[in-house]
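# Topology and contacts: notes
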Amino acid sequence: MADSTLTSLPPHHPQCLGCGPDNPAGLHLAVSRDGDSVVTDVTFDKRHRGAPGLAHGGAISAACDDLFGFVLYVVEEMAVTRRLTVDYLAPVPLGQPHRITAGLQRRHGRRLHLEATGTGHDGITRFTAEALFVVVDHHHFAPHGLEADVQAMFTRPQRRDRKDR
Ligand SMILES: CCCCCCCCCCCC(=O)SCCNC(=O)CCNC(=O)[C@H](O)C(C)(C)COP(=O)(O)OP(=O)(O)OC[C@H]1O[C@@H](n2cnc3c(N)ncnc32)[C@H](O)[C@@H]1OP(=O)(O)O
């Protein structure tokens, strides 16, 4: 991504499956904010193979889910996935970059309705996704992780946004 209007966002945490730089099995998504949307350019490779030469649907789903987790930086709420739906419109070839764009479609109380679109650099939209996230507080995470990590996650959006693209 080299667009000048984008603001890069920090990973959820270093070991996150979607965006963690230290997760050897991760997708290593680099995510930026573009207004009220978030974007990432993902290139699936042989680790993400489903059918020969094509990305596994679960890998595509994971990329969408994690990107939805970055809309939370825009909404400035912590929330988790309650429901995720992916429409696989066309096979996604390995080795070809796809830009996924996600944003908030509407909010009802704790319910955040999110939507995403994945389009190849050839202009073909190959998948779309919708999700229901439910707003939670730090008690949701605290029993399962280090308290410091949880607190960092809650304060990071405001502290670590940076303009560098
Ligand atoms: C270190 C930090 C790292 C943080 C790192 C963050 C990384 C982000 C990564 C991407 C995101 C993920 O993968 S998250 C991981 C995968 N997801 C999870 O593990 C979540 C597991 N599920 C849960 O914990 C729970 O079900 C919750 C918290 C989602 C919701 O439980 P709850 O709090 O009891 O809420 P509940 O009453 O059931 O539902 C809330 C509201 O939603 C409505 N609702 C519920 N289901 C539906 C539905 N299918 N369609 C419509 N509406 C629904 C209910 O009617 C209610 O409306 P009303 O009464 O309010 O009107």
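Starting from 1, residues in each chain are numbered consecutively following that chain's sequence as written. Totals for whole chains, interfaces and linings use every residue, but because this is a predicted model, local features are given only for residues with pLDDT of at least 70 and side-chain atom pairs only at 80 or more, for both listing and counting.

## Side note on the UniProt feature "domain: Thioesterase" (unreviewed entry) in the chain
The UniProt record marks residues 53-117 with the feature "domain: Thioesterase" (unreviewed entry), using the residue numbering of this structure. Helix and strand assignments come from DSSP, with helices taken as H or I runs of at least 4 residues and strands as E runs of at least 2, each series counted from the N terminus. The span residues 53-117 carries 29% helix and 43% strand; its end-to-end C-alpha distance comes to 21 Å. UniProt positions are given in the numbering used here, feature names are shortened, and annotations may be inferred rather than shown by experiment.

## Here we look at the nonpolar core
L67 and F68 are the most contacted members of the largest nonpolar core, which totals 30 residues. Secondary-structure elements contributing two or more residues to this core are strand 3 (37-42), helix 1 (57-75), strand 5 (98-108), strand 6 (111-120) and strand 7 (125-135). Only buried residues count toward a nonpolar core: Ala, Val, Leu, Ile, Met, Phe, Trp, Tyr and Cys, linked into one set through C-beta atoms within 7 Å. Burial in this document is a count-based property: other C-beta atoms within 10 Å of a residue's C-beta are tallied, and the residue is buried at 20 or more, exposed at 12 or fewer, or partly exposed in between, with C-beta positions derived from the backbone.

## Some details on the environment of D36
Turning to its location among the elements, D36 is positioned in the loop between strand 2 (31-34) and strand 3. Residues D36 and L132, 96 residues apart in the sequence, show an inter-C-alpha distance of 17 Å. Placing a C-beta atom from the backbone of each residue, one calls two residues in contact when those atoms lie within 7 Å. With residues near it in sequence (within four places) discarded, D36 still touches V74 and G103.

## Here we look at the sheet that holds strand 2
Pairing between two strands is assigned when DSSP locates at least 2 bridges connecting them. Taken in spatial order, the seven strands line up as 1-2-3-5-6-7-4 in an open sheet, and their pairing is antiparallel. If you trace the sheet from one side to the other, it starts and ends with strand 1 (7-8) and strand 4 (79-88), each paired once. Bridging between strand 5 and strand 6 involves 10 bridges; their strand directions are antiparallel. Bridge pairing in strand 6 places H98 opposite G120.

## Focus on unusual backbone geometry
For residues besides glycine, phi is generally negative; the peptide bonds are generally trans as well. Here H28, not a glycine, exhibits a phi torsion of approximately 55°, which is positive. Mapping H28 onto the fold places it in the loop between strand 1 and strand 2. Taking the number of C-beta atoms within 10 Å as the measure of exposure, H28 has 17 and is therefore partly exposed. If you check the backbone angles, E76 has positive phi at about 60° while not being a glycine. Position of E76 among the secondary structure elements: in the loop between helix 1 and strand 4. For E76, a count of 8 C-beta atoms within 10 Å gives the class exposed.

## What about the environment of H139?
Inspection of the secondary structure assignment puts H139 in the loop between strand 7 and helix 2 (147-160). Taking the number of C-beta atoms within 10 Å as the measure of exposure, H139 has 8 and is therefore exposed. Between the C-alpha atom of H139 and that of Y88, which follows or precedes it by 51 residues, the distance is 35 Å.

## Structural notes on the confidence of the model for the chain
The predicted model of the chain averages 90 in pLDDT, with 87% of residues at 70 or higher. Confidence drops under pLDDT 50 across residues 158-165; counting only partners more than four residues distant or on other chains, this segment forms 14 contacts. Of the two predicted TM-score estimates for the complex, the pTM is 0.91 and the ipTM is 0.93. Values of pLDDT, the confidence the predictor places in each residue, fall between 0 and 100.

## Describing helix 1
Across its 19 residues, helix 1 extends 27 Å between first and last C-alpha, which sits within 8% of the 27 Å expected from 1.5 Å per residue. Here helix 1 has its buried residues at I60, A63, C64, D65, D66, L67, F68, G69, F70, V71, L72 and Y73. The positive-phi residue at the C-terminal boundary of helix 1 is E76, with phi of around 60°. Take the residue count of a helix, subtract one, and multiply by 1.5 Å to get its expected span.

## Quick word on the pairing of strand 7
With nine bridges joining them, strand 4 and strand 7 adopt antiparallel strand pairing. Each residue of the ladder has a partner; that of L84, found in strand 7, is A131. In terms of strand pairing, strand 6 meets strand 7 through nine bridges, oriented antiparallel. Bridge pairing links G118 to F127 in strand 7. Connecting the antiparallel pair strand 6 and strand 7 is a turn made up of four residues, with G123 showing a positive phi of about 90°.

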